[in-house]
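Here are the chains, one letter per residue:
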Amino acid sequence: MAWEYSEKTKILFMNAVHGKPGTHLGEIENPDGIGEHGSIACGDAMRFTFRVERHPDDPSKDVITEARYLTFGCTSAIAASEALCTIIETGRYTPLEALKVSNEDIVHFLEGLPSQKVHCSVMGAEALEAAVFNWAQKRGVDLKAHGFEVPTHDENEGRIVCHCFTQTEPYIKRKIAELNLRTIPQITDAIKAGGACMACHHQPGGLQDLLDEVWGKNSDGEDRATGTQTDPNQPAPELSPYQFAKQVEKVLDDYVRPMLARDGGDVEIIDIKGQLVYVRLAGACGSCPGAATTLKLVVEKTLKAQVDERVRVIAV
Amino acid sequence: MTLIYLDNNATTPIAPEVVRAMEPYLTAHYFNPSSMYEPAQQVATALKEARATVATFVGASHPDELLFTSCATEANSTAILGAIKANPNRRHIITTEVEHPAVLELCRDLARNGYDVTFLPVDRNGRLDVRDFVRALQPTTLLVTIMHANNETGVLFPIEELARLTKETDPRILFHTDATQSVGKLPIDLGGAHKDIDFLSFSGHKMHAPKGIGALYMRRGAPCRPFLLGGHQENGRRGGTENVPYIIGLAEACRLASAHMADEGEVARLRDRLEQRLKAEIPHIVVSGEEAPRLPNTLNFSVHFIEGEGMLYQLSEHGVCASSGSACTSGSLEPSHVLRAMKIPFTAVHGSIRFSLSRYNTEEEVDQVAAIMPEVVANLRHLSPYWDNARNCPRPDAPGYAEIVGTN
């Protein structure tokens with residue numbers, strides 16, 4: 001797919017490549033903060049540097065006055081880098097405030113990014129974060145004391161599996177193991193991966209393959225789709241299938257058929273699979289459209305009460 | 001001699017609007033939609049719009065649920081083999097005895113390779129017994145693949161109900177339908193009435209787009225591995241550069257079908273008119289699936305004691321195009337598997353004819369065919385050893401006489 005960029009993205013990109021005044025391409029010598037993110041191997045890399053106006057007493061009150069980037073990447077990566085520098089400079093943020101600039105802010109500034117390109121904005125945010133950590137080290141600012149967590153993992157490099165949420169193979173695999181995720185819906189709930197276009201679910205190298213790699217191919221195939229849900233096809237342990245069927249027949253005879261007979265109707269059991277009971281209305285009731293729904297509810301309620309709480313009735 | 005084309009279940013004439021819509025993409029806009037430059041992006045935008053049009057036409061909630069293939073056969077294989085690959089722990093498949101060879105042969109091959117396949121039978125009107133279907137569902141069932149409309153007889157299967165029963169039994173069982181004959185003739189609403197269907201295949205050339213383009217609806221999240229690997233196209237679900245001109249053509253065909261959906265009532269009227277006249281004027285014919293719900297355009301009937309090819313040949317002399325059984329099975333000398341599954345009397349199964357109409361047919365055409373047919377049949381019966389020409393009925397010593405004369 002060719003990408004559909006916003007006008008803003010295209011303009012920022014063209015201005016940057018033509019080195020128009022006001023653009024931020026470059027690298028600051030002896031910067032106060034330097035951060036890198038990405039690698040040439042994964043197709044996007046950014047070096048972000050900034051200079052601060054130092055506060056005489058409290059380094060945490062330094063203000064960023066100048067931000068520059070060198071970016072290896074596509075149109076949107078360069079535009080996102082421009083956006084980041086512009087946001088930081090015009091906001092006159094302290095580095096600590098700058099940490100709150102997120103990839104969503106960058107996307108917003110760019111007036112949107114194609115979903116497959118959202119990772120470019122993430123790269124900007126990550127490089128900024130790294131640069132602030134670097135500044136904090138140099139200036140002796142304790143980030144933890146200011147309520148920021150210093151990450152210990154760096155899994156932003158690697159093959160992107162979920163393009164919608166820019167999640168990489170190493171990250172997803174670690175989360176699968178850490179959070180004991182066993183199914184694709186569990187992954188999506190925990191870390192969003194696979195939650196939008198769903199294309200990565202069953203692609204080669206997709207989420208199912210990562211699950212198989214972490215847990216083994218045949219860990220429990222039947223657990224895959226619905227997780228811990230009990231299998232409705234398993235018969236009740238107390239009753240054999242024969243006893244179960246006999247009892248369903250008996251309850252229908254005793255409770256349901258007399259009721260239907262008053263209107264000239266009857267009920268036919270088509271099949272019983274585990275606790276699933278398939279029934280069809282016969283006789284006069286069969287032609288009444290409302291009857292089918294009512295029947296299902298009545299029969300199900302009766303069987304649940306008289307035979308087994310787990311019974312489900314399916315109208316055929 | 002002007003042509004009367006009544007073989008629209010085999011293929012359809014390409015709508016002039018479709019040709020016009022495609023033309024720019026065969027000439028000026030030849031670019032690869034994956035390329036970066038502006039003209040290619042225009043092609044990518046057109047592709048995106050076409051996908052949205054086709055998705056809307058079948059009621060899909062998201063355009064990316066539609067992927068384009070080279071034909072319906074590829075769409076069927078993509079869905080069936082992909083579902084199997086994504087569900088390695090299950091081995092049971094349910095289909096019917098009357099599927100198109102694109103599904104039937106694949107399922108037979110899977111059975112040869114260790115899969116457990118249930119081939120559901122049909123009754124004399126080509127209908128499934130839903131009770132048989134329910135009983136066939138097993139804890140190991142991974143896939144149901146049942147066609148929407150039969151290509152030979154036009155008989156419709158209640159796929160909404162079958163899909164509902166499947167999902168109520170076990171949401172993990174995948175439901176595929178080959179809707180090649182129904183898309184364009186009947187409304188399909190995958191977000192509404194058909195919401196329990198996971199995969200739906202269809203083809204352009206049955207709905208006035210050219211041959212060489214098919215489509216597969218794949219519900220978001222339905223487990224399915226790709227069939228054609230080797231490309232990022234179609235979200236990695238089908239490698240290969242998109243066939244842009246034909247995709248544009250298919251989208252235009254969908255637009256037209258949507259605008260002309262009401263005309264299907266007129267198609268049904270013409271089909272019924274033809275059916276009534278033939279039944280009135282030719283003794284001892286059997287309309288296939290007469291008592292079943294059918295497509296509006298299809299009339300399949302069998303003529304006792306004569307052979308279909310002899311009728312086709314004479315019709316062709318009159319410029320009338322029709323089929324005997326499925327065009328796909330005509331290469332073999334076996335009578336149609338569909339009609340045999342319906343237990344059409346053996347005296348009639350060789351004498352089957354299929355007329356399939358489209359919105360381009362007229363009442364005059366239908367009347368012309370109705371006028372020709374009695375003579376076409378009479379010419380062959382005249383030669384038949386089982387026919388009494390003086391009384392214009394079967395000879396009493398003809399096989400199955402009692403049944404035929406008794407039931408007709």
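Because the structure is predicted, anything quoted here is derived from the model rather than measured. (Residues numbered from 1 in each chain as written. Chains lettered and ligands numbered in written order. Predicted model: local features only at pLDDT ≥ 70, side-chain atom pairs only at ≥ 80, totals over all residues. Heavy atoms only, no water.)

A. Spatial organisation of the overall build of chain B. In terms of helices and strands, chain B carries 12 helices and 14 strands. Here the C-alpha radius of gyration of chain B, 22 Å, is about what a compact globule of 408 residues would show, namely 22 Å. If one aligns the C-alpha atoms of chain B with their principal axes, the spans along those axes are about 75 × 55 × 35 Å. Taking all contacts inside chain B whose residues are at least 6 apart in sequence as the whole, residues at least 24 apart take part in 74%. (Helix = DSSP H or I, 4+ residues; strand = E, 2+ residues; numbered from the N terminus. Rg over C-alpha atoms; globule rule 2.2 N^0.38 Å. Contact = heavy atoms within 4.5 Å.)

B. Summary view of the packing of helix α3 (residues 72–86) of chain B against helix α4 (residues 101–112) of chain B. Residue and element names in this part refer to chain B. Two elements in contact, α3 and α4, have axes whose closest approach is 9 Å; the angle formed by their N-to-C orientations is 30 degrees. It follows that α3 is roughly parallel to α4 by the angle criterion. Where α3 crosses over α4, the two elements pack in a sense that is right-handed. Contacts between α3 and α4 pair Thr73, Asn76, Ser77, Ile80, Leu81 and Ile84 from the former with Ala102, Val103, Leu106 and Leu110 from the latter. Residue composition of the contact of α3 with α4, grouped by class: 7 nonpolar, 3 polar and no charged. (Axes fitted to C-alpha atoms, helices over the stretch in contact; angles between N-to-C directions. Parallel < 35°, antiparallel > 145°, perpendicular 65-115°, else oblique. Left-handed = near helix turned anticlockwise from the far one by under 90°. Nonpolar A, V, L, I, M, F, W, Y, C, P; charged D, E, K, R; others polar.)

C. Examining the domain arrangement of chain B more closely. Residue and element names in this part refer to chain B. Along its sequence, chain B is organised into domain 1 (4–10 + 262–406) and domain 2 (16–259). Each of domain 1 and domain 2 has a C-alpha centre, and these two points are 30 Å apart. Tallying the contact residues gives 32 residues for domain 1 and 32 residues for domain 2. For the pair domain 1 and domain 2, the two sides together bury roughly 2,600 Å², of which 53% comes from carbon and sulfur. When the buried surface of domain 1 facing domain 2 is broken down by residue, Leu295, His337 and Met342 rank first, second and third, together holding 21% of it. Here domain 1 and domain 2 share 0 salt bridges between them. Mapped onto the side of domain 1 that touches domain 2, the elements with two or more residues apiece are β10 (298–303) and α10 (337–341). The biggest single contributor to the side of domain 1 that touches domain 2 is α10, with 4 residues. Of the residues assigned to the side of domain 1 that touches domain 2, the class counts are 11 nonpolar, 13 polar and 8 charged. (Domains from an automatic or database assignment. Buried area = accessible area lost by both parts, 1.4 Å probe. Salt bridge = Lys/Arg side-chain N within 4 Å of Asp/Glu carboxyl O.)

D. Representation of α4(B). All names here are of chain B. For α4, with 12 residues, the first-to-last C-alpha span of 16 Å sits near the 16 Å given by 1.5 Å per residue. Residues of α4 that are buried include every one of Ala102, Val103, Leu104, Leu106, Cys107 and Leu110, and no others. Buried residues along α4 sit in contact with α3, β3 (92–96), β4 (116–120), β5 (141–145), β6 (174–178) and α10. With its phi angle positive at about 95 degrees, Gly114 sits one or two positions after the end of α4. (Expected span 1.5 Å × (residues − 1). Buried < 20%, exposed > 50% of the residue type's maximum accessible area, 1.4 Å probe, protein only.)

E. Expanded view of the packing of helix α6 (residues 169–178) of chain A against helix α8 (residues 207–215) of chain A. Residues and elements named next belong to chain A. Running from N to C, α6 and α8 cross one another at 55 degrees; their axes reach a closest spacing of 10 Å. If you check the angle between α6 and α8, you find them oblique. Where α6 crosses over α8, the handedness of that crossing is right-handed. Here Glu169, Ile172, Lys173, Ile176 and Ala177 of α6 come into contact with α8, specifically with Leu207, Leu210, Leu211, Glu213, Val214 and Trp215. Considering only residue class, the contact of α6 with α8 consists of 8 nonpolar, no polar and 3 charged.

F. Highlighting the sheet that holds strand β7 (residues 276–283) of chain A. Strand order in the open sheet made by the 3 strands is β6-β7-β8 (chain A), with mixed pairing throughout. Of all strands in the sheet, those with a lone pairing partner are β6 (265–273) and β8 (312–315) of chain A, marking the two edges. Between one strand and the next, the sheet's axes are offset by a mean angle of 35 degrees, whatever the strand orientation. With 8 bridges connecting them, β6(A) and β7(A) associate as antiparallel partners. Looking at the pairing, Glu268(A) lines up with Arg280(A) of β7(A). Most of the contacts of helix α9 (residues 241–261) of chain A go to β6(A), to which it runs at about 160 degrees, and overall it touches β6 and β7 of chain A. Together, β7 and β8 of chain A form the strand contacts of helix α6 (residues 159–169) of chain B, whose direction differs from that of β8(A) by roughly 175 degrees. (Pairing = 2+ DSSP bridges.)

G. Expanded view of the pairing of β10(B). All names here are of chain B. The buried fraction of β10 is high, at 6 of 6 residues. Across the two faces of β10 the burial is the same, with Thr298, Asn300 and Ser302 and Leu299, Phe301 and Val303 all buried. Both strand β9 (residues 285–287) and β10 contribute to a ladder of 3 bridges, which runs antiparallel. Residue pairing across strands places Val286 opposite Ser302, the latter belonging to β10. Bridge count for β10 against strand β12 (residues 352–356) is 5 bridges, and the pairing is antiparallel. Paired with Phe301 across the two strands is Ile353, which belongs to β12.

H. Representation of unusual backbone geometry in the model. Residues and elements named next belong to chain A. In this model, Arg92 sits at a positive phi of 45 degrees, which is unusual for a non-glycine residue. Checked against the element boundaries, Arg92 lands in the loop between α2 (75–91) and α3 (95–98). One non-glycine residue, Asn180, lies in the positive phi region at around 55 degrees. Assignment of secondary structure puts Asn180 in the loop between α6 and α7 (184–191).

I. Looking closely at the sheet that holds β12(B). All names here are of chain B. Ordered by their spatial adjacency, 3 strands build an open sheet running β9-β10-β12, and the pairing between neighbours is antiparallel. Whereas interior strands pair on both sides, the edge strands pair on one side only; in this sheet they are β9 and β12. Neighbour to neighbour, the strand axes of the sheet diverge by 25 degrees on average, direction disregarded. Its contacts with the sheet place helix α9 (residues 308–317) against β10 and β12, and it is angled at close to 45 degrees to β12.

J. Local environment of empty space enclosed by the protein. One pass over the structure, following the stated rule, counts 4 cavities of 30 Å³ or more. Estimated volume of the largest cavity: approximately 160 Å³. Around the largest cavity, the lining comprises 17 residues; the ones closest to its centre are Met198(A), Ala199(A), Met218(B), Ala222(B) and Arg237(B). Here the residues of the lining of the largest cavity sort into 7 nonpolar, 5 polar and 5 charged. Its boundaries defined by the atoms lining it, the second largest cavity holds a volume of some 120 Å³. Looking at the lining of the second largest cavity residue by residue, the class counts come to 5 nonpolar, 6 polar and 4 charged. (1 Å grid on protein atoms, 1.4 Å probe; cavity = no way out; pocket = protein on both sides within 12 Å on 5 of 7 lines; lining within 4 Å. Points joined across faces, edges and corners; volume = space filled by probe spheres on them.)

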